[in-house]
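Survey of secondary and tertiary structure
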Amino acid sequence: MCLVLDKLEPQKSIDTELICFSIKSIVSMGHYKMGIFVQKYGGSSLATPELIKAVAQRIVERKRRGDKLVIVVSAMGDTTDELISLAQRITSNPPKRELDMLLTVGERISASLLSMAINSLGEEAISFTGSQTGIITDERHTEARILEVRPERVKEELARGKIVIVAGFQGVSTEREITTLGRGGSDTTAVALALALGTKDCEIYTDVDGVFTADPRIVPEAHKLDEILYEEMLELSSMGAGVLHPRSVEMAAKNDIVLHVCSSFNQKKGTIVKRGTVEKPVLRGITFDKQIAMLALKDVPRSPESLSQIVTQMAEEGIHVKLFCHGAAREETVDLIFIVEETDFEGALKILRKASRNLGAKRLLTGMDVGSVSIVGLGIGRDTEILAKMFKILAGLRLHIQAVSTSESKITCVIKKKAVEEAVRTLHREFGL
Ligand code: ASP
Ligand code: MG
């Protein structure tokens, strides 16, 4: 069945849900042998030749226990950042297509080196690019979405007894161009492969022992969680925690793939990310983001289209609105507040300047001097006691809250950037995490 899929011409508008469904049904038809495991190793776990050899050793030991292994790798250490700055030294605005050509090299380096290391330990391995792996994406260079995975070559090599090493973070578009999945995207490669290969688990190896209640570099008392629910993990990673790519969590949640986040440096039990419910909302973790900017249109005369126009333009420019607050206390005017990533500030400013003139807004305020703190836990967004306590703690620090946003599983407050770390530490302590 998959061979047939391979012969299909790439289609432009493939429905991801449908594909997931078809992959699932193929799996349930029993065409797959059990015992396949997908592991992903992050850049810091592969930062030097010595570390690559150490990872190879772990993989070989696991293979000798009888498992079939697919290994997804990130670029070594800071390679991706270095490649970006290399491009910046050529031009401040490199074409995204060429940026993708450049950045995908990072993962190819680690994939080939890891394969060499495994081969030299006496086990057979083969490395693949995203395109050889059959990762088909849309055409959005630098932020591509996976549409479909056709892992025929992976399965063939597994059947030959080889360990398959996949360069993460990349794919090939329906127009046969090389694409990348956005920063941190190797996690998403791993989850997509787990799904395509019909495994129910995906192991993510990193340089920390798992998911913590807060960033231990900021909060020394932070502790590792044994488990966390998909919704909570998604909020933590969307609001700043770098440990998992948000889209990998989203894909895992939709398809019930259990994520095991562990250290590549020791054998400790890590954190399991899975589906679940809670009886009573509990706070699970705290995260923050200092790489944000705030733009506010004040006193915008009410009109039904204004908001949709602005948001559509932002979407067209690829600007991701992280938080949006809409204040409509007055009858004739509204205030619109947008929080975007720092790197999107200029783009968002251009759109809002124009909108401000067209809509007749009284003022356009901007602030780069802001950061967000988010508390996360399933159901806490509905719990006014928790909300009140958060406000009280921040008020105790004499902090002026510039915007608030709540969802089912998180409460986010925007405050001044300088105060963010102190706020995270105080919230962690006062909430007794
Ligand atoms: N190497 C890429 C990055 O640094 C992708 C990844 O590590 O997941 O963003
Ligand atoms: Mg990462």
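Throughout what follows, the structure given in this document is the object of discussion.

Conventions and cut-offs
- Residues numbered from 1 in each chain as written.
- Chains lettered and ligands numbered in written order.
- Predicted model: local features only at pLDDT ≥ 70, side-chain atom pairs only at ≥ 80, totals over all residues.
- Heavy atoms only, no water.
- Phe/Tyr/Trp six-rings, centres within 6.5 Å; stacked < 30°, edge-to-face > 60°.
- Helix = DSSP H or I, 4+ residues; strand = E, 2+ residues; numbered from the N terminus.
- Buried < 20%, exposed > 50% of the residue type's maximum accessible area, 1.4 Å probe, protein only.
- Axes fitted to C-alpha atoms, helices over the stretch in contact; angles between N-to-C directions.
- Parallel < 35°, antiparallel > 145°, perpendicular 65-115°, else oblique.
- Left-handed = near helix turned anticlockwise from the far one by under 90°.
- Contact = heavy atoms within 4.5 Å.
- Nonpolar A, V, L, I, M, F, W, Y, C, P; charged D, E, K, R; others polar.
- Pairing = 2+ DSSP bridges.

Points about the packing of aromatic side chains
With the rule as written, the count across this model stands at two aromatic pairs. Considering the side-chain rings of Tyr 41 and Tyr 205, the 4.9 Å spacing of their centres and the 15 degrees angle between planes classify their relative orientation as stacked. On the criterion of sequence distance, the pair formed by Tyr 41 in strand β1 (residues 36-41) and Tyr 205 in strand β9 (residues 201-206) is long-range, its members being 164 residues apart. Here Tyr 41 falls in the buried class, since its relative accessible area comes to 1%.

Topic: unusual backbone geometry
Even without glycine at this site, Asp 256 takes up a positive phi of about 60 degrees. Position of Asp 256 among the secondary structure elements: in the loop between α10 (246-255) and β11 (258-263). Relative accessible area serves as the criterion here: at 26%, Asp 256 is assigned to the partly exposed category.

Structural notes on the packing of helix α3 (residues 49-64) against helix α5 (residues 96-120)
Close contact between α3 and α5 brings their axes to 9 Å; oriented N to C, the two are set at 55 degrees. Here α3 is positioned oblique relative to α5, judged by the angle of their axes. For the crossing formed where α3 meets α5, the hand is right-handed. Where α3 abuts α5, its residues Ile 52, Lys 53, Val 55, Ala 56, Ile 59 and Val 60 lie against Leu 113, Leu 114, Ala 117 and Ile 118. A class-by-class count of the residues in the contact of α3 with α5 yields nine nonpolar, no polar and one charged.

Some remarks on helix α7 (residues 152-159)
Those residues of α7 not exposed but buried are Glu 152, Val 154, Glu 157 and Leu 158. Phi turns positive one or two residues past the end of α7, at Gly 161, with a value near 90 degrees.

Side note on the sheet that holds strand β5 (residues 146-149)
Strand order across the open sheet formed by four strands is β5-β4-β7-β8, with mixed pairing between neighbours. Every interior strand has two partners, whereas the edge strands, β5 and β8 (178-180), have only one. Neighbouring strand axes in the sheet, compared pairwise and without regard to direction, differ in orientation by 45 degrees on average. Relative to strand β7 (residues 170-173), strand β4 (residues 135-137) runs parallel, the two sharing two bridges. Residue pairing across strands places Thr 137 opposite Ser 173, the latter belonging to β7. Contacts from helix α8 (residues 186-196) reach β4, β5 and β7, with the element oriented near 40 degrees to β5.

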